[in-house]
Amino acid sequence: MNPSPTKTKIVEVSAAVLQRPDGSFLLAQRPPDKIWAGYWEFPGGKIERGETAHEALVRELHEELGIAVETAYPWLTRVFAYPHATVRLSFFRVTEWGGELHSREGQAFAWQETANPPQPPFFKVGSDCAVSPILPANAPILRALELPTLYAISNAAELGAEAFISSLQARLDAGLRLVQLREKNLSRDALRELALRVVGLVHARGAKLILNGDVELAQEVGADGIQLTSRQLAELTERPPLEWCAASCHSAEELRRAEELGCDFALLSPVLPTKSHPGVSHLGWEKFAAIAAGSSIPIYALGGLARDDMQTAWEHGAHGIALLRQAW
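The following refers to the structure shown.

Cut-offs applied
- All chains use their own residue numbering, which begins from 1 and follows the written sequence.
- Thresholds applied to this predicted model are a pLDDT of at least 70 for local features of residues and 80 or more for the giving and counting of side-chain atom pairs; totals over whole chains, interfaces and linings are not thresholded and use all residues.
- Neither water nor hydrogens contribute to the side-chain values; these are computed over all heavy atoms in the structure.
- Secondary structure elements are taken from DSSP: a helix is a run of H or I of four residues or more, a strand is a run of E of two residues or more, and numbering for both begins at the N terminus.
- Whether two residues touch is decided by their heavy atoms; if any such pair falls within 4.5 Å, the residues are in contact.
- Calculation of accessible area relied on Shrake-Rupley with a 1.4 Å probe; when residues are assessed, cover is drawn exclusively from the protein chains displayed.
- Only four residue types enter the charge count: Lys and Arg as positive, Asp and Glu as negative, with His and the chain ends excluded.
- To locate a charge, take atom NZ for lysine, CZ for arginine, CG for aspartate or CD for glutamate.
- Put simply, buried Ala, Val, Leu, Ile, Met, Phe, Trp, Tyr and Cys residues joined by side-chain atoms within 4.5 Å make one nonpolar core.
- For the exposure calls, accessible area comes from a 1.4 Å probe over protein chains only, and a residue counts as buried if that area is under 20% of its type's maximum, exposed if over 50%, partly exposed in between.
- Pairs of strands are assigned from DSSP output, requiring at least two bridges between the strands.
- Two kinds of site are reported from a 1 Å grid over the protein atoms alone, namely cavities, where a 1.4 Å probe fits but cannot get out, and pockets, open sets with protein on both sides within 12 Å along at least five of seven lines, and residues are called lining when an atom falls within 4 Å of a point.
- Grid points are joined across faces, edges and corners, and a volume is the space filled by probe spheres set on the points.
- Each residue is assigned to one class: nonpolar for Ala, Val, Leu, Ile, Met, Phe, Trp, Tyr, Cys and Pro, charged for Asp, Glu, Lys and Arg, and polar for all the others, Gly among them.
- The crossover handedness rule: strands pointing away from the viewer, path from first strand over the helix to second strand clockwise, crossover right-handed.
- For helices, the fitted line uses only the C-alpha atoms of the stretch in contact; every axis is such a line through C-alpha atoms, and the angle between N-to-C directions lies from 0 to 180 degrees.
- We call two directions roughly parallel when the angle between them is under 35 degrees, roughly antiparallel when it is over 145, roughly perpendicular when it lies between 65 and 115, and oblique otherwise.
- The handedness criterion is simple: a crossing whose near helix is rotated anticlockwise from the far helix by less than a right angle is left-handed, and one whose near helix is rotated clockwise is right-handed.
- Only a pair of cysteine sulfur atoms within 2.5 Å counts as a disulfide in this structure description.
- What a helix is expected to span follows from its residue count: subtract one and scale by 1.5 Å.
- In this description, one arc is meant: the one made by directions from the helix axis to the C-beta atoms.

1. Here's the deal with the overall build of the chain
For the chain, the count of helices and strands is ten helices and 15 strands. With the C-alpha coordinates of the chain rotated into their principal frame, the extents come out at 60 × 40 × 35 Å. Taking contacts inside the chain between residues at least 6 apart in sequence as the whole, the part at least 24 apart equals 63%. Roughly 14,500 Å² of accessible area belongs to the chain as shown, and the carbon and sulfur atoms make up 52% of that amount. One finds the centroid of the 31 positive side-chain charges in the chain at a distance of 3 Å from the centroid of its 39 negative side-chain charges.

2. As for the nonpolar core
One finds L181, V198, L209, C263, F288, A301 and I321 to be the most contacted residues of the largest nonpolar core, which totals 55 residues. Here this core takes seven residues from helix 5 (residues 188-204), the largest share from any one element. Every residue in contact with L181, bar those within four places of it in the chain, is listed here: S154, F164, L191, L194, A195, V198, L209, I210, L211 and N212. Counting residues in each nonpolar core, the second largest holds 22 residues, with F42, F80, A137 and A144 among its members.

3. Side note on the sheet that holds strand 3 (residues 40-41)
Pairing is antiparallel across the open sheet formed by three strands, whose spatial order is 3-2-7. Each end of this open sheet is capped by a strand with a single partner; those strands are strand 3 and strand 7 (109-112).

4. What to know about the layout of surface pockets
Space inside the second largest pocket adds up to approximately 580 Å³. Around the second largest pocket sit 28 residues that line it, and V13, R30, E41, G44 and G45 are the ones nearest its centre. For the lining of the second largest pocket, the elements supplying multiple residues, two or more each, are strand 1 (10-18), strand 2 (25-29), strand 4 (44-46), helix 1 (53-65) and strand 6 (86-98). Each residue belonging to the lining of the second largest pocket can be placed in one class, and the counts come to 15 nonpolar, six polar and seven charged.

5. As for the pairing of strand 14 (residues 299-302)
Of the two faces of strand 14, the one holding I299 and A301 and the one holding Y300 and L302 are both buried throughout. The pairing of strand 13 (residues 265-268) with strand 14 spans three bridges and is classified as parallel. Paired with L268 across the bridge in strand 14 is A301. Taken together, the three bridges between strand 14 and strand 15 (residues 320-323) define a ladder with parallel strand orientation. Counted as the bridge partner of Y300 is G320 from strand 15. A crossover connection joins strand 14 to the parallel strand 15 through helix 10 (residues 310-315); in handedness this β-α-β unit is right-handed.

6. Quick look at the packing of helix 4 (residues 161-173) against helix 5
In contact at an axis separation of 10 Å, helix 4 and helix 5 are set at 15° when each is read in the N-to-C sense. Comparing the axis directions of helix 4 and helix 5 gives the class roughly parallel. Crossing of helix 4 over helix 5 shows right-handed handedness. Here E162, F164, I165, L168, Q169 and L172 of helix 4 come into contact with helix 5, specifically with L194, R197, V198, L201 and V202.

7. Side note on the state of the cysteines
Between two cysteines, a covalent bond joining their sulfur atoms is known as a disulfide. Taken as a whole and assessed by the stated rule, the structure comprises zero disulfides. Free of any disulfide, C249 has its nearest neighbouring cysteine sulfur in C263, separated by 7.2 Å. Residue C249 is classed as buried on the basis of its relative accessible area, which comes to 0%. Not engaged in a disulfide, the cysteine C263 finds its nearest cysteine sulfur in C245; these two sulfurs lie 3.8 Å apart.

8. A look at the pairing of strand 10 (residues 208-212)
Among the five residues in strand 10, five count as buried, and that is most of the element. Across the two faces of strand 10 the burial is the same, with K208, I210 and N212 and L209 and L211 all buried. In this region the chain leaves strand 9 (residues 178-181), passes through helix 5 and returns to the parallel neighbour strand 10; the handedness of that crossover is right-handed. As judged from the three bridges shared by strand 10 and strand 11 (residues 225-228), these two strands associate in the parallel manner.

9. A look at the sheet that holds strand 9
Adjacent strands of a sheet pair through backbone hydrogen bonds, lying either parallel or antiparallel. Spatially, eight strands are ordered 8-9-10-11-12-13-14-15 in a closed barrel, and the strand pairing comes out parallel. Taking the axes of each pair of neighbouring strands and ignoring which way they run, one obtains an average angle of 25° across the sheet. Contacts from helix 8 (residues 252-261) reach strand 11, strand 12 (244-249), strand 13 and strand 14, with the element oriented near 165° to strand 12.

10. Quick notes on helix 5
In this model helix 5 runs 24 Å from its N-terminal to its C-terminal C-alpha over 17 residues, within 8% of the 24 Å that 1.5 Å per residue would give. Along helix 5, the residues that are buried comprise L191, R192, L194, A195, V198, V199, L201 and V202. The elements touched by buried residues of helix 5 are helix 3 (156-159), helix 4, strand 9, strand 10 and helix 6 (215-221). Looking one or two residues beyond helix 5, the residue adopting positive phi is G206, at roughly 70°.

11. A word on helix 8
Turning to helix 8, its buried residues are L255, A258, E259 and L261. The buried residues of helix 8 all sit within an arc of 165° when viewed along its axis, so they share a single face. Of the exposed residues in helix 8, the ones pointing more than 90 degrees away from its buried face are E253 and E260. Next to the buried residues of helix 8 lie strand 11, helix 7 (230-235), strand 12, strand 13, helix 9 (284-292) and strand 14.

Laid out in structure tokens, this is it:
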């Protein structure tokens, strides 16, 4: 959760997560003449009167680093109360730019390498930083960057357990790094047995396993986190004690609740019509973008999507996409 604002005036700031194809990202050090001098942060600056967040991003990166932004995706918004001011940071992921990156304001900058380089098409960055100290407002962003852009949801019910395990092994070997085990038709004993097999495979390849709905079972089998159902999200009064906590959301109200509960990320669905729920109303990309705008936690788009929808999801504010049938 963000600290409670202590000032009535909020300073609007645009910030950039510059990412190279190898998964590394850029941090800049605040110069000696600025408050919090010596701290490392994502480059960016104040949004001027009459500017959009994107326009400010383009201007600031040109002024600070001498580059021209070519591709920038809206991502997260964080409000943070410093002793001197409350800031609202609009973060963009910048994946393409022109010009040679260099310091134009005397600040140092450094590319932070990932512990596990990504394998296309599963883009992943990590949060291990070689530089310190990190500006406090940026810490949640480093955690969010641990999440890959593809979230695969199990489909053993249709594939069969053995076929699913075989497909899971192949996808993990190809670079899949985030898996949700969601098998509503299995008994708890059968789910436990499958979960133990899956967690072994996932952890052997440095990936994460999120278990759907059952906090106690997630802890028992050693899963990395829990995917809360909409009902759990409404009923829980505190975040479950697991490393990662995600929420299944279908509205702006549920997304706000996920943020309040301290969830690390969310699924927002259904974006498009789905095979599993024919006739059920869907959000569409414009409504998805409207709900996602201003989110403080990463959002995966879910429902009726394919791998080719990744860029469309990014353009509408998603961290990535979640796939069920299409994942396998």
